[in-house]
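Observations on chain architecture
What follows is each chain in one-letter form.
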Amino acid sequence: MMKIAIGADHAGFELKEQIKDLLTSKNIEYKDFGTFSTASVDYPDFAHPTALAVENKEYTFGILICGSAQGVTMTANKHQGVRAALCWMTDIAKLARQHNDANMLTLPARFIAKEYAFEIVEIFINTPFEGGRHQKRVDKISCS
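What you see is a predicted model, and the numbers here were worked out from it, not measured in a lab. (Residues numbered from 1 in each chain as written. Predicted model: local features only at pLDDT ≥ 70, side-chain atom pairs only at ≥ 80, totals over all residues. Heavy atoms only, no water.)

Glancing now at the packing of aromatic side chains. Per the counting criterion, the structure on display carries two aromatic pairs. Residues Phe33 and Tyr59 carry aromatic rings whose centres are separated by 6.1 Å and whose planes lie at 85 degrees to one another, so their mutual orientation is edge-to-face. Of this pair, Phe33 sits in the loop between strand S2 (29–32) and helix H2 (44–55) while Tyr59 is found in the loop between H2 and strand S3 (61–66), placing the two residues 26 residues apart along the sequence. Since its relative accessible area comes to 17%, Phe33 is described here as buried. Ring geometry for Phe61 versus Phe124: centroids 5.5 Å apart, planes at 65 degrees, classification edge-to-face. Pair noted here: Phe61 is in strand S3 and Phe124 is in helix H5 (residues 114–126), with a separation of 63 residues, a long-range link. Side by side, Phe61 and Phe124 carry an identical accessibility label, which is buried. Here Lys3 stacks its cationic end above the ring of Tyr59, 5.1 Å away from the centre of that ring. For the cation-ring pair, Arg97 lies above Phe124, with the distance from its terminal atom to the ring centre recorded as 5.9 Å. (Phe/Tyr/Trp six-rings, centres within 6.5 Å; stacked < 30°, edge-to-face > 60°. Helix = DSSP H or I, 4+ residues; strand = E, 2+ residues; numbered from the N terminus. Buried < 20%, exposed > 50% of the residue type's maximum accessible area, 1.4 Å probe, protein only. Lys NZ or Arg CZ within 6 Å of the ring centre and 35° of its normal.)

Set out below in structure tokens:
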């Protein structure tokens, strides 16, 4: 059963709440790692716990959202076994899954519309990893 860890900073709060509604409508289990308002916060405080839940394999995928998605992507990718992909287009989300076996989706809330973000989420969680020639490349990502 698919389970999703989700988190955001203040800039991503509204989109996070909307994505939670999408996940609920699809009967997808999730855990919200915060933030829980639009009050200014530091994105690593929410990106680390969300990524750790994916790193520990407690969740199938993670979704992180901030203004540009750069900060949460950098933070999440510090975790071993986490492959966070910053996706602002559906084709990028599809390729991130197919070729890179990305297990965390990061979204730039200030640069994409809600409806398009929903499309990206759906494609990301429903696209399988192709494996094959891509597996050896994914195996080379980790530094350990």
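A few words now on the state of the cysteines. Going through the model one piece at a time under the given rule, you end up with zero disulfides. Cys87 carries a free sulfur, and the closest cysteine sulfur to it, the one in Cys66, is 13 Å from it. A relative accessible area of 0% means that Cys87 is categorised as buried. (Disulfide = S-S within 2.5 Å.)

A word on the sheet that holds strand S5 (residues 104–108). With parallel pairing, the five strands of this open sheet are ordered in space as S2-S1-S3-S5-S4. Looking at strand neighbours, the two that pair on one side only are S2 and strand S4 (84–86), the edges of this open sheet. For this sheet, the mean inter-axis angle between neighbouring strands, taken without regard to orientation, is 20 degrees. Across five bridges, strand S1 (residues 3–8) lies against S3 in parallel orientation. The partner of Ala8 across the bridge, within S3, is Ile65. (Pairing = 2+ DSSP bridges. Axes fitted to C-alpha atoms, helices over the stretch in contact; angles between N-to-C directions.)

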